[in-house]
Amino acid sequence: MPLRAKVATSVSKTAAALSRAAGRGDGSVIGGWIGLKIDPDLLGHLAAGRAIALVSGTNGKTTTTRLAAAALGVLGPVATNSFGANMPTGHTSALAKAGATPFAVLEVDEHYLARVIDETSPRVVALLNLSRDQLDRAKEVAMMAQMWRTALAGHPDVAVVANADDPMVVWAAQGASHITWFSAGQRWLDDSFVCPESGDPIERANGDWWCTGCPLRRPQPQWRVEDEGVIDPRGDWHLVKLQLPGTVNIGNAATALAVAAEFGVRAIEALPRLSTVASIAGRYAQVDRDGRNIRLLLAKNPASWLEAFDMAEQAPTLLSINARDPDGFDTSWLYDVDFSPLHNRPVLITGDRAFDLAVRLEVNGIAFRHVLSFEEAVRSVPPGRLEVIANYTAFQDIRAELDRVN
Amino acid sequence: MSTESTLRIVWIYPDLLSTYGDRGNLLILARRAAVRGIPVETYSVRSDQPMPSTADIYLIGGGEDGPQALAAQRLITDGGLHRAVNQGAAVLAICAGYQLFGHSFFAKGTKCPGLGLLDLHSDRGETRAVGEIRGDIDPRLGLPPLSGFENHGGRTHLGPGVAPLARVTAGIGNDGQTEGAWNGKILGTYSHGPALARNPAIADLLLRWATGADSLAPVDDTWPDKLRAERLAAAGA
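What counts, and where the lines are drawn
- Residues numbered from 1 in each chain as written.
- Chains lettered and ligands numbered in written order.
- Predicted model: local features only at pLDDT ≥ 70, side-chain atom pairs only at ≥ 80, totals over all residues.
- UniProt positions renumbered as here; feature names shortened; annotations may be inferred.
- Helix = DSSP H or I, 4+ residues; strand = E, 2+ residues; numbered from the N terminus.
- Buried ≥ 20, exposed ≤ 12 C-beta atoms within 10 Å, placed from the backbone.
- Contact = placed C-beta atoms within 7 Å.
- Rg over C-alpha atoms; globule rule 2.2 N^0.38 Å.
- Nonpolar A, V, L, I, M, F, W, Y, C, P; charged D, E, K, R; others polar.
- Axes fitted to C-alpha atoms, helices over the stretch in contact; angles between N-to-C directions.
- Parallel < 35°, antiparallel > 145°, perpendicular 65-115°, else oblique.
- Left-handed = near helix turned anticlockwise from the far one by under 90°.
- Pairing = 2+ DSSP bridges.
- Domains from an automatic or database assignment.

Looking at an unreviewed UniProt entry, one finds chain B named Lipid II isoglutaminyl synthase (glutamine-hydrolyzing) subunit GatD and attributed to Paractinoplanes bogorensis. Its UniProt record gives chain B the following Pathway (unreviewed entry) comment, quoted word for word: "Cell wall biogenesis; peptidoglycan biosynthesis."

You'll find chain A entered in an unreviewed UniProt entry as Lipid II isoglutaminyl synthase (glutamine-hydrolyzing) subunit MurT, with Paractinoplanes bogorensis given as the organism. Recorded in UniProt under Function (unreviewed entry), the annotation for chain A is "The lipid II isoglutaminyl synthase complex catalyzes the formation of alpha-D-isoglutamine in the cell wall lipid II stem peptide. The MurT subunit catalyzes the ATP-dependent amidation of D-glutamate residue of lipid II, converting it to an isoglutamine residue." Recorded in UniProt under Pathway (unreviewed entry), the annotation for chain A is "Cell wall biogenesis; peptidoglycan biosynthesis."

Below is the structure:
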């Protein structure tokens, strides 16, 4: 590593430690930010010599990254950005902090995938899904798919692990020369009714999909979810025991196993490690307070709200919505979510944009009660489970109230 | 479709134009009709289906450039929406749907023919208009101020055959001065997605137009009123 990069790495680690000591944050961004100021090529220098997997997509990337890192741990130490800091500053911090590991698994924000591929020369890139998310500033879905496609076409040496169920992902992945397909399902269909290649309608039936106007259609997946387990490319079924709730996380586990397989890890070796993952940066965490068992679920966009309803139990449920910078300022997406699964659950609402949510729930015919704080919510429900579903900054606010639970 | 007394609402091409929670307008209209005891039926008409011409209210939403151009092309070929408008149907057209009601609009850098049902045309602005929007609605419509969120790259130029829906007091709208347009029973606006969530009075105007009623029974608007007050204050001006 060049001297400049060594100095930058050292300063970066110090800044991250100071940030944590000062209680200012996880230190997962500030260290990388300072390091990159000293050496703009620091990420590339830190990546050199490591076998790297990148994980990107609209939803599930933090969880899948954590599971893939656990799976790769079979082979040796793995660097990873497990706090969801998924831009180059976060990658730089994570690699600097980890020291010289042979492997790294990095979650990458969709917008930065092309740049991070260029800078880190990964061995594997996993593409999970593409759906609407923060449209007031994010790239529209079709444009994002085009960016991915172009980036992968420029790196024919990269092995791609991609979701066969999402037409946008399949089209984006076609630029690659080595592709492994997995089937993790696609709950959210509204952003892929139109073929990205030809503009013709996409038809769906029994889990299959095809374009009505061009040859684009669902590829045969080598990895797929069946019952409570995963079928590997040889056709062997493996029971997947996770501490994380919901079938969506079995899909994330299938993806993690497919990624690990590219490094030579067998499913049978990886599975015990997947079952050790209990929560990720507060997601799925359970906290006991005043006799209530509070479980935290993060839902950032329409697709992930549907998944959260699927994971949550029939129990009192607090919904919290903000619309600050990291969330996007637009709350229109609330009408892309069907809140009907909350019928017959006691529902509490809070957050900066609780009134948007109130109007939405009224239209949906869901009874609710507005509370002014998380504390009030906890006091308002009987002892027992309280499910909390919140979008990004609302989730962080609640996590802070629970002593930054991980 | 069904009996004369039933209010029929069509959501045009949700497969193409539904990027920003546009379904909300359909849900809100249906609910506000049902609360008044007005029987209502809703229809989501996909772009590969014929467009009925006998419904009472038509809703068309926002979308990306490609689907917008495709929607305009199919609606022109189909002709059902033109017949409905000529027979006096009420329309709420949002964002990309608003643009395609004019004579022409730009999609993917190309000038595309619109439906010509509103006397206006749209082109590209130098900047994208993103954020809260607020405006004073044409006094002839007798409505409280418009509150919305806009997110568009277009600028719209009104001809003499339409009036601005509102004078902008915060945000951009058509051109920084005016926002949206209306003529007869057609309303167009850049206030995107579920615009009626913040503007229940516009929902009721559409219902009055469609039913011919001079007034509608009041409904409990506690939550929409709180939301409006918060957003109008947030928009400033």
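Anyway, onward from the coordinates.
Moving on to the overall build of chain A. Counting secondary structure elements, chain A contains 14 helices and 17 strands. Counting only C-alpha atoms and orienting by the principal axes, one finds that chain A spans roughly 55 × 55 × 40 Å. Within chain A, buried positions represent 55% of all 406 residues. In chain A, of all internal contacts separated by at least 6 residues, the share reaching a separation of at least 24 is 69%.

Turning next to the overall build of chain B. Counting secondary structure elements, chain B contains 7 helices and 11 strands. Taking 237 residues into account, the globule formula puts the C-alpha radius of gyration at 18 Å, and chain B, at 16 Å, falls close to it. Once the C-alpha set of chain B is aligned to its principal axes, its extents read approximately 45 × 45 × 30 Å. For chain B, buried positions account for 54% of its 237 residues. Long-range contacts, defined here as pairs at least 24 residues apart, represent 71% of the contacts in chain B between residues at least 6 apart.

Right, let's talk about the UniProt feature "domain: CobB/CobQ-like glutamine amidotransferase" (unreviewed entry) in chain B for a bit. Within this structure's numbering, the places UniProt gives as "domain: CobB/CobQ-like glutamine amidotransferase" (unreviewed entry) are residues 8-199 of chain B. Secondary structure across residues 8-199 of chain B divides into 22% helix and 40% strand, with the first and last C-alpha atoms of the span separated by 21 Å.

With that settled, consider helix 11 (residues 302-311) of chain A. Residues and elements named next belong to chain A. A large share of helix 11 lies buried, amounting to 7 of its 10 residues. The set of residues buried in helix 11 consists of Pro302, Ala303, Ser304, Trp305, Glu307, Ala308 and Phe309. Elements that come into contact with the buried residues of helix 11 comprise helix 9 (247-262), strand 13 (292-298) and strand 17 (384-390).

With 29 residues of chain B at the contact, the number on the chain A side is 23 residues. For the side of chain B that touches chain A, the secondary structure elements donating two or more residues are helix 1 (23-35), helix 2 (65-78), strand 7 (120-137), strand 8 (146-158) and helix 7 (222-235) of chain B. Here the side of chain B that touches chain A is built from residues that sort into 13 nonpolar, 9 polar and 7 charged.

Bringing the UniProt feature "active site" (unreviewed entry) in chain A into the picture now. Feature annotation in UniProt assigns "active site" (unreviewed entry) to the following positions: Asp330 of chain A. Turning to its location among the elements, Asp330 of chain A is positioned in the loop between strand 14 (317-320) and strand 15 (347-350).

So, on to the packing of helix 4 (residues 61-72) of chain A against helix 9 of chain A. Residues and elements named next belong to chain A. Here helix 4 crosses helix 9 at 45°, and the two axes come no closer than 8 Å. When the interaxial angle is binned, helix 4 and helix 9 end up oblique. Helix 4 and helix 9 meet at a crossing whose hand is right-handed. Only Asn249, Asn252, Ala253, Thr255, Ala256, Leu257, Val259 and Ala260 of helix 9 make contact with helix 4, whose side of the interface consists of Thr63, Thr64, Leu67, Ala68, Ala71 and Leu72. Here the residues of the contact of helix 4 with helix 9 sort into 9 nonpolar, 5 polar and no charged.

On a regular strand, one side chain projects to one face of the sheet and the next to the other, so that they alternate. All names here are of chain B. One ladder, built from 4 bridges, connects strand 5 (residues 104-107) with strand 6 (residues 110-113); its direction is antiparallel. Across the sheet, Phe105 pairs through a bridge with Cys112, a residue of strand 6. In textbook terms, the turn of a hairpin is the stretch between consecutive antiparallel strands, and for strand 5 and strand 6 this stretch comprises 2 residues, one of which, Lys108, has a positive phi near 50°.

Before going further, it helps to spend a moment on the sheet that holds strand 1 (residues 51-56) of chain A. Residues and elements named next belong to chain A. Taking strand neighbours across the sheet as the criterion, the 9 strands line up as 2-3-1-4-5-6-9-10-11 in an open arrangement whose pairing is mixed. Here the strands that pair on one side only, and so sit at the sheet edges, are strand 2 (78-80) and strand 11 (237-239). Across the sheet, the mean angle from the axis of one strand to that of its neighbour is 20°, orientation sign disregarded. Both strand 10 (residues 229-231) and strand 11 contribute to a ladder of 3 bridges, which runs antiparallel. Bridge pairing links Val230 to His238 in strand 11. Sitting on the sheet, helix 5 (residues 88-98) is in contact with strand 2 and strand 3 (103-108), with an inclination near 150° to strand 2. In the packing of helix 6 (residues 113-120) onto the sheet, the strands contacted are strand 1, strand 3 and strand 4 (124-127), and the crossing angle to strand 1 comes to about 180°.

Glancing now at the sheet that holds strand 15 of chain A. Residues and elements named next belong to chain A. On the basis of which strands lie adjacent, the open sheet formed by 6 strands has the order 12-13-17-14-15-16 and mixed pairing. Only two strands of the sheet have a single neighbouring strand rather than two, namely strand 12 (286-289) and strand 16 (369-370). Inspection of the sheet shows strand 14 paired to strand 15 by 4 bridges, in the parallel sense. Bridge pairing links Thr317 to Val347 in strand 15.

For the rest of this paragraph, the subject is the UniProt feature "binding site: substrate" (unreviewed entry) in chain B. Residues and elements named next belong to chain B. On the UniProt side, "binding site: substrate" (unreviewed entry) is annotated at positions that read Arg128 here. Along the polypeptide, Arg128 turns up in strand 7. The class for Arg128 is partly exposed, based on 15 C-beta atoms found within 10 Å.

Before going further, it helps to examine the domain arrangement of chain A. On domain assignment, one finds that chain A holds domain 1 (3-274) and domain 2 (286-401). A straight line from the C-alpha centre of domain 1 of chain A to that of domain 2 of chain A covers 27 Å.

Let us now look at unusual backbone geometry. Residues and elements named next belong to chain B. Of note, the phi angle at Tyr13 is positive, near 50°, even though the residue is not glycine. Tracing the chain through its elements places Tyr13 in the loop between strand 1 (7-12) and helix 1. One non-glycine residue with positive phi stands out, namely Lys108, at about 50°. Here Lys108 lies in the loop between strand 5 and strand 6. The exposure class of Lys108 is exposed, given the 10 C-beta atoms found within 10 Å.

The geometry of a pair of packed helices is captured by two quantities: the angle between their axes and the separation between those axes. Residues and elements named next belong to chain A. Running from amino to carboxyl end, helix 6 crosses helix 7 (residues 141-153) at an angle of 15°, the nearest separation of the two axes being 9 Å. Classed by the angle they form, the pair helix 6 and helix 7 counts as roughly parallel. Every pair of crossing elements has a handedness; the one defined by helix 6 and helix 7 is right-handed. Between helix 6, through Leu113, Ala114 and Ile117, and helix 7, the contact on the second element is made entirely by Met147, Trp148 and Ala151. Per-class residue counts for the contact of helix 6 with helix 7 are 6 nonpolar, no polar and no charged.

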